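# Observations on the model geometry
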Amino acid sequence: MNEYDSEILTGLLKENHYELTASPGEADLILLNTCYVREKVKHKIYSKLGELRKLKEEKPDLILGLSGCLVQREPEEVLQRAPYLDFILGTSNFYQLPEVLKEISGNDNRKKQVGKRYTRIVRVEENGVIPEDLPKLRKRRFSAFVSIMRGCNNFCSFCNVPYVRGREVSRSSGEILKEIKELSREGCREVTLLGQNVNSYGKNGKENIDFADLLSLVNRIEGLRRIRFTTSHPRDLSDKLIDQMACLDKVCEHLHLPVQSGSNKILSRMKRGYTREHYQNLVDKLRQAIPEITLTTDIIVGFPGEEEEDFRNTLELVETVGFDGAFTFCYSALRGTEAAQSEERIPAEISGERLRRLIELQQAILLKKNKSLVGRKFEVMVEGISKKNPDEVEGRTRGNKIIIFPGGKNLIGRFIWVEIVKAGCWALKGKVISC
Ligand code: SAM
Ligand code: SF4
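Attention here is on the structure that accompanies the text. Just so it is clear, the model here is predicted, and its values are computed rather than measured. (Residues numbered from 1 in each chain as written. Chains lettered and ligands numbered in written order. Predicted model: local features only at pLDDT ≥ 70, side-chain atom pairs only at ≥ 80, totals over all residues. Heavy atoms only, no water.)

Given 3.6 residues per helical turn, the α-helix brings residues three or four places apart onto the same face. Given a rise of 1.5 Å per residue, 13 residues ought to cover 18 Å, and the 18 Å separating the end C-alpha atoms of helix α8 (residues 173-185) matches this to within 8%. For α8, every residue scored as buried is listed here: S173, I176, L177, E179, I180, L183 and S184. Looking straight down α8, one finds its buried side chains confined to an arc of 160 degrees; they lie on one side. Contacts made by the buried residues of α8 are with α1 (2-15), β5 (143-147), β8 (190-194) and α9 (211-219). One or two steps after α8, the chain reaches G187, where phi turns positive at roughly 105 degrees. (Helix = DSSP H or I, 4+ residues; strand = E, 2+ residues; numbered from the N terminus. Expected span 1.5 Å × (residues − 1). Buried < 20%, exposed > 50% of the residue type's maximum accessible area, 1.4 Å probe, protein only. Arc of directions from axis to C-beta. Contact = heavy atoms within 4.5 Å.)

Next comes the structure, spelled out in structure tokens:
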């Protein structure tokens, strides 16, 4: 979601005659669009700001701004810790960037008078309405993110999102379809529909439409070849949606379904609204309906009160499901969230040790799964040159597996059939069998 918003921010800047520079040293304006999903992120942001401050001291005309989730959550602390910022913009106000820049440049006289930049501009509103039709500077022509909703109503006890992104609001289906049709006309072949809980799309809206209906409308858009979506909440994943995923030809055979924990005690304390059995039942239904489906997940270890037995339940679930990937995190206590008030904190050494065991297990599962793919053929969409070897490209299968194979720039954005010849834990190597 932050990446999507960053595409809007750069789109707005482009419309206002700014251009992206290759390095911060060349810039007239530097804007950090922040995330705040774990405490660690905050340290990174302040340390980056510390570096940029030095740049600003060398170049006093440099405009330095901060936007996004950290700003929304703690505007006062941000202003106190980084008084040299020229402006801050919350998650509901980020689109006001051009006005803010105009205001800053219109105050040159005052700047001269007081010998420093005009007083900081602060725009942080709660639940403001973000206009449609904002320009976007997309990173890639052939694949795009499309936000279908913003915010979240779930208040999982560990999570900052409802506080930094506000309550859940679905975009109108008409606007979403218009955006995707336009993308498709411009050569986009894959869209990823974004929302914190896409399965509850439409629930609080005026239209009589749910996420499964939206998928089937997107599936009809000409030119589009792949539809992905994230994130799905296990509580709201309906049988109707599973059926639609199985029969809509453009919907990819991959689902990111964060489980967070395999212990019912912890799931209940996390306020996730489902049990381990419910999750396992969903996995069974998904695999029955879509045998080729790949499943990925998010898992938190060291949640307050997590005992060794709870953690073993998580390992057991990971083993039973056999995920194709997992984002694994040590629990981070975020000020103001319910779980952060718990006194049953798990010491960092124990969380770290559990994380290590979890990653080890997941890697072994993945390696086994990947090895079983050697000799199989997949259609991939080529996304770019391999980061490790300029003579190779990387492409993604419908199941979201990355395959690296020999090729050049001319293949980027194209659909190619590839056979897997070698499998490691992180990478699959392939050879082209048809272009
Ligand atoms: N909406 C998604 C869902 O319901 O699963 C999750 C969105 S959250 C931005 C992404 C992931 O970050 C979560 O699934 C969770 O695993 C992790 N996360 C969120 N808050 C966390 C915290 N306080 N400590 C550790 N991990 C956290
Ligand atoms: Fe956070 Fe996801 Fe829970 Fe919403 S559903 S509160 S975004 S973890």
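Once you've had a look at it, read on.
Here we come to the packing of aromatic side chains. Across all of its chains, the model carries six aromatic pairs by this definition. Centroid distance F211 to F229: 5.0 Å. Interplanar angle 75 degrees. Geometry classified as edge-to-face. One end of the pair, F211, is in helix α9; the other, F229, is in strand β9 (residues 226-230), with 18 residues separating them in the sequence. Among the residues examined, F229 registers a relative accessible area of 7% and is labelled buried. Across from the ring centre of Y163, 4.3 Å away, lies the NZ or CZ of R73, which sits over that ring. Positioned above the aromatic ring of Y46, the side-chain terminus of R81 is 3.7 Å from the ring centre. (Phe/Tyr/Trp six-rings, centres within 6.5 Å; stacked < 30°, edge-to-face > 60°. Lys NZ or Arg CZ within 6 Å of the ring centre and 35° of its normal.)

Summed over all chains, the structure comprises one cavity of 30 Å³ or more. Taken as a whole, the largest cavity encloses approximately 30 Å³ of empty space. As for the largest cavity, its lining consists of N2, D5, N33, G68, G90, T91, F94 and R165. The residue inventory of the lining of the largest cavity, partitioned by class, reads one nonpolar, five polar and two charged. (1 Å grid on protein atoms, 1.4 Å probe; cavity = no way out; pocket = protein on both sides within 12 Å on 5 of 7 lines; lining within 4 Å. Points joined across faces, edges and corners; volume = space filled by probe spheres on them. Nonpolar A, V, L, I, M, F, W, Y, C, P; charged D, E, K, R; others polar.)

So, on to the site of ligand 2. Around ligand 2 sit C152, N154, F155, C156, F158, C159, V161, P162, Q196, H233 and R272, and that is every residue in its neighbourhood. Residue composition of the shell around ligand 2, grouped by class: seven nonpolar, three polar and one charged. (Near = heavy atom within 4 Å.)

Our focus in this paragraph is the site of ligand 1. The immediate surroundings of ligand 1 are formed by 17 residues, with F158, Q196, Q260, D298 and S332 found nearest. Contact between ligand 1 and R272: an oxygen atom at 3.1 Å from a side-chain N or O atom of the residue. Computed on the free molecule, ligand 1 has an accessible area of 560 Å², of which 90% lies beneath the protein chains in the complex. Of all the secondary structure elements, the ones that give two or more residues to the shell around ligand 1 are β11 (294-301) and β12 (325-330). For the shell around ligand 1, the per-class residue count stands at nine nonpolar, five polar and three charged. (Polar contact = N/O pair within 3.5 Å; in protein donor to acceptor, adjacent residues only side chain to side chain. Areas by Shrake-Rupley, 256 points an atom, 1.4 Å probe, with all protein chains shown as cover.)

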